[in-house]
Amino acid sequence: MTKKFNGSTVNFAGNISGLRGISVSKKAAKIDVTASADTDKTYEAGIPDTEVKLDLVGSTTIDPGDNGALTIAWADGTNSGTLTSAVVIDVEPAKGSMDGEMTSTVTFVPKGA
């Protein structure tokens, strides 16, 4: 059985080192389409909102506003979460705890035109 994460790589203006975790989420907005004759609220899904979060061992020099292609190569050969045009919206450049390693977190979203 192939472990999907072990051996996975991420590239954003060069390979990202110290990769500990990748989180890809897609969430659609809830659109209320309830009509006056309905007895229950009804909804439809809006446009999906994609977010990719990387957990890294060590600090990072990536900053909010940095943009470019974000390529995820999962160890099983898939590329789920790859964004052809991404922008960094959130960075926790360094955090740590007693007797633990320093880590950082970087969040990417699709970049508009």
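Report follows, based on the coordinates. These figures come from a predicted structure and were not determined experimentally.

### With respect to the overall build of the protein
Broken down by element type, the protein carries zero helices and six strands. The linear arrangement of helices and strands in the protein, starting from the amino end, is β-β-β-β-β-β. The dimensions of the protein, computed from C-alpha atoms along their principal axes, are 60 × 35 × 35 Å. Accessible surface, the protein as shown: approximately 7300 Å² in total, 50% of it carbon and sulfur. The centroid of the 10 positive side-chain charges in the protein is displaced by 4 Å from the centroid of its 14 negative side-chain charges.

### As for the nonpolar core
Side chains of a nonpolar character, in soluble globular proteins, are inclined to be buried together. Residues V10, I22, V52, L54, L70 and F108 are the most contacted members of the largest nonpolar core, which totals 18 residues. Contributing elements (two or more residues each) for this core: β2 (19-32), β3 (43-57), β4 (67-73), β5 (83-95) and β6 (103-110). A total of four residues in this core trace back to one element, the largest contributor, which is β5. Here I22 is in contact with F5, S8, V10, V52, K53, L54, I72 and W74, once residues within four sequence places are set aside.

### A closer look at the side chain of S8
Among the structural elements, S8 can be located in the segment before β1 (9-11). There is a polar contact of 2.8 Å between the side chain of S8 and the backbone oxygen of F5. Polar contacts involving the side chain of S8 include one to the main-chain amide nitrogen of A75, which spans 3.0 Å. Apart from the residues within four sequence positions on either side, S8 is in contact with L19, I22, A73, W74 and A75.

### Remarks on the sheet that holds β5
Spatially, β1-β4-β5-β6-β3-β2 is the arrangement adopted by the six strands of the open sheet, whose pairing is antiparallel. The open sheet has two free edges, formed respectively by β1 and β2, since each of these has just one partner strand. Direction aside, neighbouring strands of the sheet carry axes that sit 35 degrees apart on average. Here three bridges tie β4 to β5, and the two strands are oriented antiparallel to one another. Its bridge partner lying in β5, L70 is registered against L83.

### Topic: the packing of aromatic side chains
What the rule picks out here adds up to one aromatic pair. A ring pair is formed by F12 and F108, whose centres lie 4.9 Å apart and whose planes are at 70 degrees; its orientation type is edge-to-face. In this pair, F12 is assigned in the loop between β1 and β2 and F108 in strand β6, connecting sequence segments 96 residues apart. By relative accessible area, which is 0% here, F108 ends up buried. Over the ring of Y43 we find K30, and its NZ or CZ is 4.7 Å from the ring centre.

### Describing the pattern of salt bridges
Opposite charge on two side chains makes pairing possible when the charged atoms of those side chains draw close. Under the criterion given, the structure shown has three salt bridges. We note a salt bridge from E101 to R20, for which the minimum N-O separation is 2.6 Å. Placement of the pair is E101 in the loop between β5 and β6 and R20 in strand β2, with a sequence separation of 81 residues. Residue E101 is classed as partly exposed on the basis of its relative accessible area of 39%.

### A word on the layout of surface pockets
Taken as a whole, the largest pocket spans an internal volume of roughly 170 Å³. Across the lining of the largest pocket, the residue classes tally to six nonpolar, seven polar and no charged.

Criteria and thresholds
Residues numbered from 1 in each chain as written. Predicted model: local features only at pLDDT ≥ 70, side-chain atom pairs only at ≥ 80, totals over all residues. Heavy atoms only, no water. Helix = DSSP H or I, 4+ residues; strand = E, 2+ residues; numbered from the N terminus. Areas by Shrake-Rupley, 256 points an atom, 1.4 Å probe, with all protein chains shown as cover. Lys, Arg positive; Asp, Glu negative; His and termini not counted. Charge placed at Lys NZ, Arg CZ, Asp CG, Glu CD. Core = buried A, V, L, I, M, F, W, Y, C linked by side-chain atoms within 4.5 Å. Buried < 20%, exposed > 50% of the residue type's maximum accessible area, 1.4 Å probe, protein only. Contact = heavy atoms within 4.5 Å. Polar contact = N/O pair within 3.5 Å; in protein donor to acceptor, adjacent residues only side chain to side chain. Pairing = 2+ DSSP bridges. Axes fitted to C-alpha atoms, helices over the stretch in contact; angles between N-to-C directions. Phe/Tyr/Trp six-rings, centres within 6.5 Å; stacked < 30°, edge-to-face > 60°. Lys NZ or Arg CZ within 6 Å of the ring centre and 35° of its normal. Salt bridge = Lys/Arg side-chain N within 4 Å of Asp/Glu carboxyl O. 1 Å grid on protein atoms, 1.4 Å probe; cavity = no way out; pocket = protein on both sides within 12 Å on 5 of 7 lines; lining within 4 Å. Points joined across faces, edges and corners; volume = space filled by probe spheres on them. Nonpolar A, V, L, I, M, F, W, Y, C, P; charged D, E, K, R; others polar.

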